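In case you want the letters, here they are:
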Amino acid sequence: MLQSDKKSSEWPIRDDFQWAVARLIQLSIEFWWMIALAVGIGFFIGLIVTRLTPPYYNATAEIAPATYSTSSNPTSSALSGLAAITGISIGGSDQPVPKFVRLQELIKSVGFADRMQHETHMMEALFGPLWDEEKGQWEPGVSRASLAGGIKSIFTGRASNNLPGPVEIAGTIEKRVKLSQGREKIVTVSFRHEDPVVGAQFVGDLIVLADQMLKEEVRTQANLYISFINERLKSVMTTEHRRVLADLLSEFERQAMLAGAKDVPYAAIIIDPPFPPVEPAGPRPVLLVGISVLICLALAIASAVVYAWWQRVFEKVRRVRRVGATQVGNW
């Protein structure tokens, strides 16, 4: 009994669905000229959008963790434990992978954006329209201003002075710079730009600048530890503790020396340098035309359904009026 009730409850839904599909096919045949016109308009709009959209290129480079020899590393678990007691935190090995991860985090950080805003050629690659080549300076523009600044400039007649700041630079990097994890800890850095040469140069400069910033960060931290250990050596008299502190001092001096080396990668090495790509990554004509045709087709079918519905409503109204007039005449 329950199964029959369940089947009977499903039949109207299935009949309604079949009726809706049949009605949609009937409307498509009836308004074939509208659908054909919509396909043509969508195809034409897709071609126009493809023509007006400038081509862009994806410049890529592959980086890997930079490794150093650990044979001269005097640290051990005992030294690490003693360093923790004295307020110094170090690892038992060089651990190049954490530095490599830190480099990737640094590229997407606001601190990196704050440093990069002083690199004119990199800022020009990100915000070309705001850079005046003739004057050699940034030009304030309403396009990058906040909503309040834009409204204020309309009433006062003066352009807003909001130039790209660290937060906006970091947001632009987040959108246009992609870090993709590959095989064996290899990371692909890609950047989208209209000029393939500028894009390739930006990727290389981005990696070098991030590595340089990480060097400065590690060197500053190591120098602070060196100063701290030197002060402790003045007060520590135990021979074993002095020996441990001396080993720690040599370790931080080694880290400061590695971080201070010029033209030597510290956290990442470029294993596949960025070259200007030959083929553009976009726009994709087939995708743009297909999306445009589908949108216009959906609008045409929706218009046909609405038109047919209004037709039925008006027909019912006319019938009601005709029946009402007939009844009044007979009365």
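Residues numbered from 1 in each chain as written. Predicted model: local features only at pLDDT ≥ 70, side-chain atom pairs only at ≥ 80, totals over all residues. Heavy atoms only, no water.

Q: Can you help me understand the sheet that holds strand β4 (residues 177–181) in this one?
A: In sheet architecture, strand pairing relies on hydrogen bonds along the backbone and comes in two forms, parallel and antiparallel. An order of β4-β5-β1-β6 is seen for the 4 strands of this open sheet, with the pairing classed as antiparallel. Unpaired on one side and paired on the other, β4 and β6 (268–272) mark the two borders of the sheet. Across the sheet, the axes of successive neighbouring strands diverge by a mean angle of 35°, strand direction being ignored. Pairing geometry for strand β1 (residues 57–65) and β6, over 4 bridges, is antiparallel. In the strand pairing of β6, Ala64 is matched with Ile269. Of the strands in this sheet, β4 and β5 (187–193) are in contact with helix α8 (residues 166–176), which crosses β4 at around 50°. Helix α9 (residues 196–235) rests against β1, β4, β5 and β6 of the sheet, and its axis sits at about 135° to β5. (Pairing = 2+ DSSP bridges. Helix = DSSP H or I, 4+ residues; strand = E, 2+ residues; numbered from the N terminus. Axes fitted to C-alpha atoms, helices over the stretch in contact; angles between N-to-C directions. Contact = heavy atoms within 4.5 Å.)

Q: I keep staring at the packing of α9 against helix α10 (residues 239–260) and nothing clicks. Help me out?
A: The description of two packed helices rests on the angle between their axes and on the distance between the axes. Contact pair α9 / α10: the axes reach a minimum separation of 8 Å and the direction vectors enclose 155°. With respect to α10, the axis of α9 lies roughly antiparallel. The two elements α9 and α10 meet at a crossing, and its hand is left-handed. Contacts between α9 and α10 involve Lys215, Val218, Arg219, Ala222, Asn223, Tyr225, Ile226, Ile229, Asn230, Arg232 and Leu233 from the first element and Arg242, Leu245, Leu248, Leu249, Phe252, Glu253, Ala256, Ala259 and Gly260 from the second. Along the lines of polarity and charge, the residues of the contact of α9 with α10 split into 12 nonpolar, 3 polar and 5 charged. (Parallel < 35°, antiparallel > 145°, perpendicular 65-115°, else oblique. Left-handed = near helix turned anticlockwise from the far one by under 90°. Nonpolar A, V, L, I, M, F, W, Y, C, P; charged D, E, K, R; others polar.)

Q: In this structure, what is going on with the packing of aromatic side chains? I would like to understand it.
A: Pairs of aromatic rings are described using the distance from one ring centre to the other and the angle between the two planes. Counted under the stated rule, the structure contains 4 aromatic pairs. Seen in terms of ring centroids, Phe31 and Tyr307 are 5.5 Å apart; in terms of plane orientation they differ by 90°. Their pairing is edge-to-face. Here Phe31 is found in the loop between α1 (2–30) and α2 (32–52), whereas its partner Tyr307 is found in helix α11 (residues 285–330), with 276 residues between them in sequence. Above the face of the Tyr266 ring, Lys99 is positioned so that its terminal group lies 4.3 Å from the ring centre. Above the ring of Tyr56, the side-chain terminus of Arg192 is found at 5.2 Å from the ring centroid. (Phe/Tyr/Trp six-rings, centres within 6.5 Å; stacked < 30°, edge-to-face > 60°. Lys NZ or Arg CZ within 6 Å of the ring centre and 35° of its normal.)

Q: What is the right way to look at the confidence of the model for the protein chain in this model?
A: Low pLDDT marks regions whose predicted coordinates should not be analysed in detail. Mean pLDDT over the protein chain: 76, with 73% of residues reaching 70 or higher. Below a pLDDT of 50 lies the segment residues 1–14, which in the model reaches 0 contacts outside its immediate sequence neighbourhood of four places, other chains included. (pLDDT = per-residue confidence, 0-100.)

Q: So what exactly am I meant to see when it comes to unusual backbone geometry here?
A: Outside of glycine, negative phi angles account for most residues, and trans bonds account for most peptide bonds. For the bond running from Gly282 to Pro283, omega is 5°, close enough to zero to count as cis. Relative to the helices and strands, Pro283 resides in the loop between β6 and α11. Non-glycine residue Asp263 carries a positive phi angle of around 60°. Here Asp263 shows up in the loop between α10 and β6.

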